[in-house]
Every structure is written in C-alpha cells, then in structure tokens.
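# Commentary on secondary and tertiary structure
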Amino acid sequence: MAVKKACNDLQTVLNAELRQFEELSKKYNSPFSDSYKVVRERARLLQGIINNTSLWTSSEVEPVITSDLTVIESGWRDGWLYQNCLYEVTGTYTDEEKKLLIMEYCDKERQKFERLKAKFNSEASQEIKRERLQIPEEVRIAVWRRDQGKCVRCGSRENLEYDHIVPVSKGGSNTVRNVELLCESCNRQKGDRIQ
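The rules behind these values
Residues numbered from 1 in each chain as written. Predicted model: local features only at pLDDT ≥ 70, side-chain atom pairs only at ≥ 80, totals over all residues. Heavy atoms only, no water. Helix = DSSP H or I, 4+ residues; strand = E, 2+ residues; numbered from the N terminus. Buried < 20%, exposed > 50% of the residue type's maximum accessible area, 1.4 Å probe, protein only. Contact = heavy atoms within 4.5 Å. Areas by Shrake-Rupley, 256 points an atom, 1.4 Å probe, with all protein chains shown as cover. Salt bridge = Lys/Arg side-chain N within 4 Å of Asp/Glu carboxyl O. Axes fitted to C-alpha atoms, helices over the stretch in contact; angles between N-to-C directions. Parallel < 35°, antiparallel > 145°, perpendicular 65-115°, else oblique. Left-handed = near helix turned anticlockwise from the far one by under 90°. Nonpolar A, V, L, I, M, F, W, Y, C, P; charged D, E, K, R; others polar. Disulfide = S-S within 2.5 Å. Pairing = 2+ DSSP bridges.

### A look at the overall build of the chain
Looking only at helices and strands, the chain features eight helices and six strands. Order of helices (α) and strands (β) in the chain, N terminus to C terminus: β-α-α-α-β-α-β-β-α-α-α-β-β-α. Of all 195 residues assigned to the chain, the portion counted as buried reaches 30%. Summarising the internal contacts of the chain: among those between residues at least 6 apart in sequence, 52% fall at separations of at least 24. Counting every atom, the chain has about 13000 Å² of accessible surface; 51% of that belongs to carbon and sulfur.

### Describing the pattern of salt bridges
Evaluation of the coordinates by the stated rule reveals nine salt bridges. With a shortest N-O distance of 3.8 Å, Lys 108 and Glu 104 are connected by a salt bridge. Placement of both Lys 108 and Glu 104 in helix α5 (residues 95-121) is noted, with a separation of four residues, approximately one turn of the helix. Glu 104 sits in the partly exposed class, given a relative accessible area of 41%. Three or more residues joined by partner-sharing salt bridges are found here, namely Asp 107, Arg 110 and Glu 114.

### Concerning the environment of Leu 10
For Leu 10, the position within the fold is in helix α1 (residues 10-27). For Leu 10, a relative accessible area of 1% gives the class buried. Sequence separation of Leu 10 and Tyr 82 is 72 residues, and the distance between their C-alpha atoms is 9.7 Å.

### Observations regarding the packing of α1 against helix α2 (residues 34-51)
Think of two packed helices as two axes; the pair is described by the angle between the axes and how far apart they sit. Axis separation between α1 and α2 bottoms out at 9 Å; the angle between their running directions is 155°. What the angle tells us is that α1 and α2 run roughly antiparallel. The handedness of the crossing between α1 and α2 comes out as left-handed. In contact with Leu 14, Asn 15, Glu 17, Leu 18, Phe 21, Glu 22, Leu 24 and Ser 25 of α1, α2 contributes Tyr 36, Val 39, Arg 40, Arg 42, Ala 43, Leu 46, Gln 47, Ile 49 and Ile 50. Per-class residue counts for the contact of α1 with α2 are ten nonpolar, three polar and four charged.

### Here we look at the state of the cysteines
According to the stated counting rule, one finds zero disulfides in the structure shown. Unpaired in terms of disulfides, Cys 106 finds its nearest cysteine sulfur in Cys 85, a separation of 6.8 Å. Left unpaired, Cys 151 is separated from the closest cysteine sulfur, that of Cys 186, by 3.8 Å. Residue Cys 151 is classed as buried on the basis of its relative accessible area, which comes to 3%.

### Brief notes about the pairing of strand β4 (residues 85-89)
Within a regular strand, side chains alternate between the sheet's two faces. Most of β4 is tucked away, with five of its five residues classed as buried. Strand direction decides the pairing type here: strand β1 (residues 3-7) and β4, joined by four bridges, are antiparallel. The residue of β4 that forms the bridge with Lys 5 is Tyr 87. Alignment of strand β3 (residues 79-82) against β4, held across four bridges, turns out to be antiparallel. Opposite Leu 81, over in β4, you have Leu 86 as the bridge partner. Between β3 and β4, which pair antiparallel in sequence order, lie two residues; one of them, Gln 83, sits at a positive phi of approximately 50°.

In structure tokens, the structure reads:
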C-alpha cells in the first residue's frame, strides 16, 4: 500500500512530546550542556509546529507536507499532515499524486465507517437484535403433551399458541418449564406480563 497512517491526532502527540522535552530540559541543570541545547532546540521546533495555525488550517483542506516534522522525528520520511493525522506515502509519486492518494485513502476510510455505522444503526439491525429464537420442536411437543393440546386458562382447543410464562423480553427462555399453551384470546389478554 502506498499510503500508511503514521499517527492519529497529531496535535495531542506533539503536545505530549513537548511536555516530555520540557521535563528533560529541567533534568539537565546546565544550560551550557549539549544535551540541554538539543532538547531545548527540539522543544522550540515542536512549539513552532504546534503554534503554526496556517499549517493546521491548510491541512484541514488538503494534505500538507511536513518537512519540519522530519527534522524532529527522523522516522517520518516525507510526512504529510491531513486533518490532524500524519501520513507516509511510499513509492515514486509526485507531490500532487501523493496528496490525491492520501485524500483517496481518507475517503475510503470514511466510507467504510459510514457503511459500518449504517449497518449497525439501521432498523434492520435493530430488528435482528430483537428477533428471538424459535421454540425448539422437542419443547413444543413436550408442552403440547403436558397441556393436553388445550389452553391452560380456558380449555379452548382452537387458535392455540405457545406462550412464554416469563416473556423473552424479560429474560425468559425456550424451556418446557417456561412455555405454555394459550388460545389466541387468552394470550392477547396476558400480553407481556408475567403471570
């Protein structure tokens, strides 16, 4: 793959690094030591990048090459900042092609998450969550025999339905002990109450 996301939420990462550099500079007592000078220079460069509002503003619209970050972190070759994320593009592409590749990568990622959101927030997925398992055949046979093929409330033998004593919506299961035969009329009267 030509495009790789190197960092999410770059501003947070840079701020954390800046705090780390500031702590290190306190550790080196002498402002004349080489370590102190290196840490202070890196902190200065980081502060410059963090405070560069034009860089962050322009990177919201299109990818911007971040040569300053290459100085800070040598592991990021040709870093590209786009919408507060850092990207690395490998391959022999022009800068314009790299920008387009990054925007395409981001658009595919956005589409993927929109598709996933639609999949799991749709009415169909909510319906699947509410859908309950069918009462197993052996349970239906056992209940029919136990209740002698008639409504346990009124004794009717017409329009019989299998009813959960403790409704599935309230934690009831598909066991013989929790299922009974009711006629349609008695079942509608009961509703989803536990009786």
